[in-house]
Amino acid sequence: MAFKAAHSLLVILSAASMLAVCSANRGWSNGFNNTYQWPWGHKNESHNSNNTTDDDGPNKIIVGGSDNWRFGFNYSVWAFQNAPFYVNDVLVFKYDPPNDTVFPHSVYQLPNLWSYLRCDLSRAKMIANFVLKRWLPYYFACGERGGLHCREGRMKFMVLPLLRRWHF
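This one's a predicted model, so the numbers in the text were calculated from it and none came from an experiment.

Conventions adopted
Residues numbered from 1 in each chain as written. Predicted model: local features only at pLDDT ≥ 70, side-chain atom pairs only at ≥ 80, totals over all residues. Heavy atoms only, no water. Buried < 20%, exposed > 50% of the residue type's maximum accessible area, 1.4 Å probe, protein only. Helix = DSSP H or I, 4+ residues; strand = E, 2+ residues; numbered from the N terminus. Pairing = 2+ DSSP bridges. Disulfide = S-S within 2.5 Å. Salt bridge = Lys/Arg side-chain N within 4 Å of Asp/Glu carboxyl O. Contact = heavy atoms within 4.5 Å. Core = buried A, V, L, I, M, F, W, Y, C linked by side-chain atoms within 4.5 Å.

Participant: Would you mind going over the pairing of strand S7 (residues 138-141) in detail, with residue names and values included?
Facilitator: Residues Tyr138 and Phe140 line one face of S7 and the alternating positions Tyr139 and Ala141 line the opposite face, and both faces are buried. The pairing of strand S4 (residues 108-110) with S7 spans 3 bridges and is classified as antiparallel. Bridge pairing in S7 links glutamine 109 to phenylalanine 140. Sheet topology note: the S7/strand S8 (residues 156-159) ladder contains 4 bridges and is antiparallel. In the strand pairing of S8, tyrosine 138 is matched with valine 159.

Here it is in structure tokens:
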């Protein structure tokens, strides 16, 4: 039992570390290392285009930006490109109501990395808008069609919110 808990903690810490490193280094693709701005400098422009905020308050972030929550959009890439997220930010999930051409969608918070990787919704909790209340990894997925939207539709992502920086 202790080994299983230690292994789970190691997996979570490894995933959090990889996310932090990937997010910090994401500005290297243009040939310049812009990581000196992240997370202490100005926010990434693409992050600001999807949210409304004041400088010290929580962000209200529309998941997927103008694409909203839909089948076939890669939300893992979206989360990576729109990091950093902060504790107390609000994730807003917008999607069209189902009709003859639009499948129904839902949003679930998955309990752990293993459930996220497998799109296992058996212990997931259905949510609407969501506040990132603590500094820990959060996992989200569409729960429709037995996890098909999560697996095949790429409707899943994870975030590790940072603590909001202080202004002196």
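Participant: How would you explain the state of the cysteines if you had to name every residue and give the values?
Facilitator: For the coordinates displayed, the defined rule picks out 1 disulfide. Across the disulfide from cysteine 119 sits cysteine 150; the S-S distance is 2.1 Å. One disulfide, between cysteine 119 and cysteine 150, carries an S-S torsion of -75 degrees and so falls in the left-handed class. Residue cysteine 119 is found in the loop between helix H4 (113-118) and strand S5 (125-126), and its partner cysteine 150 is found in helix H5 (residues 148-151); the two are separated by 31 residues along the sequence. The class for cysteine 119 is buried, based on a relative accessible area of 5%. Cysteine cysteine 142 is unpaired, with the sulfur of cysteine 150 as its nearest cysteine sulfur at 8.3 Å.

Participant: Let's hear about the pattern of salt bridges: which residues, and what values?
Facilitator: Within the structure shown, the criterion is met by 1 salt bridge. Two residues, aspartate 67 and arginine 70, come together in a salt bridge whose shortest N-O distance is 3.5 Å.

Participant: Which residues make up the environment of proline 98, and what are the values?
Facilitator: Counting through the fold element by element, proline 98 comes out in the loop between strand S3 (90-92) and S4. Those residues in contact with proline 98, other than ones at most four positions away along the chain, are Phe103 and Pro104.

Participant: Before we move on, could you go through the sheet that holds S4 and cite the residues and values that matter?
Facilitator: Through backbone hydrogen bonds, the strands of a sheet pair up, either in parallel or in antiparallel fashion. Here 4 strands make up an open sheet; going across it, the order is S5-S4-S7-S8 and the pairing antiparallel. Across the chains shown, the open sheet's two edge strands, defined by having one partner strand only, are S5 and S8. Sheet topology places S4 next to S5; 2 bridges connect them, and they run antiparallel. Paired with glutamine 109 across the strands is lysine 125, a residue of S5.

Participant: Could you give me a rundown of the nonpolar core, with the residues and numbers involved?
Facilitator: Counting 21 residues, the largest nonpolar core has Trp69, Phe85, Leu91, Phe93, Phe140 and Phe157 as its most contacted members. Secondary structure elements with two or more residues in this core: helix H3 (75-82), S7 and S8. Counting residues per element, this core draws most heavily on H3, which supplies 3 residues. Grouped together as the second largest cluster of nonpolar side chains are 11 residues, Tyr108, Leu113, Leu121 and Cys150 included.

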